[in-house]
Amino acid sequence: MSRLKSSLPEGLAASVNGNIADWQSGRKMERLWQRDATLWTGGDEDKWLGWLDITEYQIEHSSVPRGLQKEVWSAGFKHACLLGMGGSSLCPEVLSMTFGKLPGYPELHVLDSTDPAQIKALEREIDVATSLFIVSSKSGTTLEPNIFKQYFFERTKQVVGADKAGSHFIAITDPGSQMQQVAEHDRFRLIFYGRPSIGGRYSALSNFGMIPAAAMGIDVKRFLDRAQEMVRSCGPSVPVEQNTGAVLGITLGTAAVHGRDKVTIITSPDIADVGAWLEQLLAESTGKQGKGIVPVDREYLGAPEVYGKDRIFAYIHTQHATDVGVEAKISALEKAGQAVVRISMPDIYDLGAEFFRWEIATAVAGAIIGIDAFNQPDVEASKVETRKLTSEYEKTGSLPPEKPVLEDWGVKLFTDDKNAAELACAAGSEKSLASYMKAHLARIQPGDYFAVLAYVQMNAAHQQTLQAIRHSVRDNKRVATCLGFGPRFLHSTGQAYKGGPNTGVFLQITCDDPVDLPVPEQKYTFGVVKGAQARGDFQVLAARGRRALRVHLNDVKSGLGKLADAVQAALA
């Protein structure tokens, strides 16, 4: 079993121990397993706890993924492409990046971006004729998986013929969904069903995670058996102080209530992508009603002095991938009085156990924070604004016109009236990209966090530049920093950014698309959809009173360089 240890400041440790005692005396883990909604808000939480026993069910039906593996093997597919968003895509992405290509099985690719360059990059990596497409959508109505399916189904028809295209597709969806109807109409090879009582971010151990795992050749039975050990260790009869999921959740929830609401995720390189999955689970579950946890992923470890007292560090590593340098930095943080949780996994097959531990922990933390850990009210707000814009495009052939507050160096700045007035006043007479960036970054205060929301292709070059920007802000301002690529973060951290504590300062980045792609059967293109998603996202941030600025780049490569220079000048 994975080991859990923590090092907490004295006051926080006392509060955590008090809450552990309260959960034991109040028999709250028993209530959780009994699906008692009053543990949270007394709403419909009891209807969203189907994940509690999904592992046992999956083990009993392990012949299903084995059957898929045989079919994938015999069909000779070289690539498997998961088309999904959020809870449907993040677990498969973690598995793909952790396990890699397994001998004799297709390489698993994940598409969760409407950026045209991202889609073309995937298309260049695969051979459509030997690819299996996995369309993953719980509701069947989510925009992105639907248009991904339309695009690649049309491409497959062009390559293998209309009569054979369906045999290159399988669906994972809830029973009776719109996607089930599409799959049946288009004669998909197979349809696998989710459990309606499991929300997307809690679905890793259901078919939404295990069918892609099987397709890429993972030993699903072994993976689930490890997870089931964790299920037992988090069960209702385990004393709370020994219940590893409960202790983690009580620690995270208590820390958040005490102001340590930035969970900074540090991982060993072999499980580096698990932070992307944790981001969604923590942010979307807890970030609402002005409360919640802000996850910080892929932030490099710094010296103790660059961190405030609003952090708690989660260091997750496999036993064979322990890094002496990282261990030294973690120890330095502990000695400096930071809150640190350490989790040591035997090997990568224990990811299933960690999925369950963190699901339990998130549900427990949500109860302590005092919110419904299973809804996502502010995610829908962005979707509504996006639908308005894409509908407008379908009617008129264009998105509504915009007027920048500044244009400099081939870069345009956009924001709402309130933010524009504040920034113009702070920038003074010098109207330049650097002056506006200085004004925007000056709004960051101790205890805030800075988030870069980049609607550009997620590639190595862009990540390098954007990581440099976020870290220069962290080191200068001594605040937590986040980096998300749009539109994928909308189905992940977007909930906390809009519904959580109003402590974020946001820099949204959009760009002109040098090459666009059509969406079959629609007037709008993928580029238009991405643009509408960015605008919808920003409109909701502004409506929630967030400190936000949008930077639009005419040319993404040179524009990111100019932006990086402006940030450096602003911080000088």
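Right above here is the structure, for reference.
Within each chain, residues carry numbers counting from 1 in the order of the written sequence. Where totals are concerned, whole chains, interfaces and linings use all residues; where local detail is concerned, this predicted model gives features only for residues with pLDDT of at least 70, and gives and counts side-chain atom pairs only at 80 or more. Computation of side-chain values covers all heavy atoms of the structure but excludes hydrogens and water.

(A) Region of interest: the packing of aromatic side chains. Two aromatic rings, drawn from Phe, Tyr or Trp (for Trp, its six-membered ring), form a pair once their centres lie within 6.5 Å of each other, and the interplanar angle then sorts them: stacked below 30 degrees, edge-to-face above 60, tilted otherwise. Taken as a whole and assessed by the stated rule, the structure comprises 25 aromatic pairs. Their ring planes at 25 degrees and their centres at 5.0 Å tell us that phenylalanine 133 and phenylalanine 169 sit as a pair that is stacked. Of the two residues, phenylalanine 133 sits in strand E4 (residues 131-136) while phenylalanine 169 sits in strand E5 (residues 169-173), which places them 36 residues apart along the sequence. Their ring planes at 55 degrees and their centres at 6.2 Å tell us that phenylalanine 223 and phenylalanine 355 sit as a pair that is tilted. One end of the pair, phenylalanine 223, is in helix H11 (residues 220-233); the other, phenylalanine 355, is in helix H15 (residues 351-369), with 132 residues separating them in the sequence. As far as burial versus exposure is concerned, phenylalanine 223 and phenylalanine 355 are alike and both buried. An aromatic cluster of three or more residues is present, and its members are Phe133, Phe148, Tyr151, Phe152, Phe153, Phe169, Phe188 and Phe526. Against the face of tyrosine 57 rests arginine 195, its NZ or CZ located 5.3 Å from the ring centre. Note that arginine 222 overlies the ring of tyrosine 349, its terminal NZ or CZ placed 3.9 Å from the centroid. Only DSSP runs of H or I reaching four residues or more are called helices, and only runs of E reaching two or more are called strands; each is numbered from the N terminus. Burial status follows relative accessibility: with a 1.4 Å probe on protein chains alone, a residue under 20% of its type maximum counts as buried, one over 50% as exposed, and anything between as partly exposed. Note on criteria: charge over ring means Lys NZ or Arg CZ within 6 Å of the ring centre, with the direction from the centre no more than 35 degrees off the ring normal.

(B) Quick peek at helix H12 (residues 244-257). A helix is expected to span 1.5 Å multiplied by its residue count minus one. Look at H12: 20 Å from first C-alpha to last across 14 residues, which is about the 20 Å you get at 1.5 Å a residue. H12 sits mainly inside the fold: 13 of its 14 residues count as buried. One or two steps after H12, the chain reaches glycine 259, where phi turns positive at roughly 100 degrees.

(C) Examining the environment of alanine 361 more closely. You can see alanine 361 is positioned in helix H15. Note on alanine 361: relative accessible area 0%, which makes it buried. The spacing of alanine 361 and proline 520 is 159 residues in sequence and 42 Å in space, taken between C-alpha atoms. In this analysis, two residues are considered to be in contact whenever any of their non-hydrogen atoms come within 4.5 Å of each other. Those residues in contact with alanine 361, other than ones at most four positions away along the chain, are Gly245, Leu248 and Gly249.

(D) Quick look at the sheet that holds strand E1 (residues 3-7). Pairing between strands requires that DSSP locate at least two bridges from one strand to the other. Read from one edge of the open sheet, 5 strands run E1-E10-E9-E7-E8, paired in mixed fashion. Sheet topology places E1 and strand E8 (294-296) at the edges, where each strand pairs with a single neighbour. The sheet shows a mean angle of 20 degrees between the axes of neighbouring strands, direction not considered. With 5 bridges connecting them, E1 and strand E10 (residues 339-345) associate as antiparallel partners. What sits directly across from arginine 3, in E10, is serine 344. All axes here are fitted lines through C-alpha atoms, helices being fitted over the stretch that makes contact, and every angle between N-to-C directions spans 0 to 180 degrees. Contacts between helix H14 (residues 324-335) and the sheet are confined to E1, strand E7 (262-267), strand E9 (311-318) and E10, with E10 contributing the most and set at about 145 degrees to the helix. The strands touched by H15 within the sheet are E1, E9 and E10, with E10 carrying the most contacts at an inclination of about 145 degrees.

(E) Spotlight on the pairing of strand E16 (residues 547-553). For E16, the buried fraction is high: 7 of the 7 residues fall into the buried class. The alternating pattern of E16 places Arg547, Leu549, Val551 and Leu553 on one face and Ala548, Arg550 and His552 on the opposite face, and all of these are buried. With 4 bridges connecting them, strand E12 (residues 411-414) and E16 associate as antiparallel partners. Bridge assignment links valine 411 to a residue of E16, and that residue is leucine 553. Relative to E16, strand E15 (residues 504-511) is paired through 7 bridges, and the arrangement is parallel. Residue pairing across strands places threonine 510 opposite histidine 552, the latter belonging to E16.

(F) Inspection of the pairing of E7 at higher detail. Of all 6 residues in E7, 5 are buried, a share of seventy percent or more. Relative to E8, E7 runs parallel, the two being bridged by 3 bridges. Note that in E8 the partner of lysine 262 across the bridge is valine 294. Handedness rule for crossovers: strands pointing away from the viewer, path from the first strand over the helix to the second running clockwise, crossover right-handed. You can see the chain leave E7, run along helix H13 (residues 274-286) and come back into E8, and the turn it takes is right-handed. Bridge count for E7 against E9 is 6 bridges, and the pairing is parallel. Paired with isoleucine 266 across the two strands is tyrosine 315, which belongs to E9.

(G) Structural context of empty space enclosed by the protein. Whether a set of points on the 1 Å grid over the protein atoms alone is a cavity depends on a 1.4 Å probe fitting there but being unable to get out, while an open set qualifies as a pocket with protein on both sides within 12 Å along at least five of seven lines; lining residues are those with an atom within 4 Å of a point. Grid points are joined across faces, edges and corners, and a volume is the space filled by probe spheres set on the points. Applying the stated criterion across every chain, the model contains 1 cavity of 30 Å³ or more. Taken as a whole, the largest cavity holds about 40 Å³ of empty space. Elements represented by at least two residues in the lining of the largest cavity include exactly H13 and H15. When residues in the lining of the largest cavity are grouped by element, the largest group, 4 residues, is from H15.

(H) Structural detail: the packing of helix H1 (residues 10-25) against H12. Relative to each other, H1 and H12 sit at 125 degrees, their axes nearing to 9 Å. With respect to their mutual orientation, H1 and H12 come out oblique. Crossing handedness for the pair H1 and H12: right-handed. Residues Leu12, Ser15, Val16, Asn19, Ile20 and Trp23 of H1 lie in contact with H12, whose contacting residues are Val247, Ile250, Thr251, Thr254 and Ala255. Residues are grouped as follows: Ala, Val, Leu, Ile, Met, Phe, Trp, Tyr, Cys and Pro are nonpolar; Asp, Glu, Lys and Arg are charged; every other residue, Gly included, is polar. Here the residues of the contact of H1 with H12 sort into 7 nonpolar, 4 polar and no charged. Angles are sorted into four bins: roughly parallel if under 35 degrees, roughly antiparallel if over 145, roughly perpendicular if 65 to 115, and oblique for all others. The hand of a helix crossing depends on one turn: near helix anticlockwise from the far one by less than a right angle means left-handed, and clockwise means right-handed.

(I) Just the pattern of salt bridges, in detail. Whenever a carboxyl oxygen of Asp or Glu lies within 4 Å of a side-chain nitrogen of Lys or Arg, that contact is scored as a salt bridge. Tallied over the entire structure, the rule returns 37 salt bridges. Note that glutamate 334 is salt-bridged to arginine 342, the shortest N-O span being 3.0 Å. The closest approach of N and O atoms between glutamate 422 and arginine 443, which form a salt bridge, is 2.7 Å. Residue glutamate 422 is found in helix H17 (residues 417-427), and its partner arginine 443 is found in the loop between helix H18 (433-441) and strand E13 (449-454); the two are separated by 21 residues along the sequence. Of the residues examined, glutamate 422 reaches a relative accessible area of 35% and is grouped as partly exposed. Through salt bridges that share partners, Glu299, Arg311, Arg474 and Asp475 make up one connected network.

(J) Spatial organisation of helix H21 (residues 526-543). With 18 residues, H21 extends 26 Å between its outermost C-alpha atoms, agreeing within 8% with the 26 Å of an ideal straight helix rising 1.5 Å per residue. In terms of residue burial, H21 counts as a mostly covered element, since 15 of its 18 residues are buried. Backbone geometry just downstream of H21 places glycine 545 in the positive-phi region, at approximately 75 degrees.

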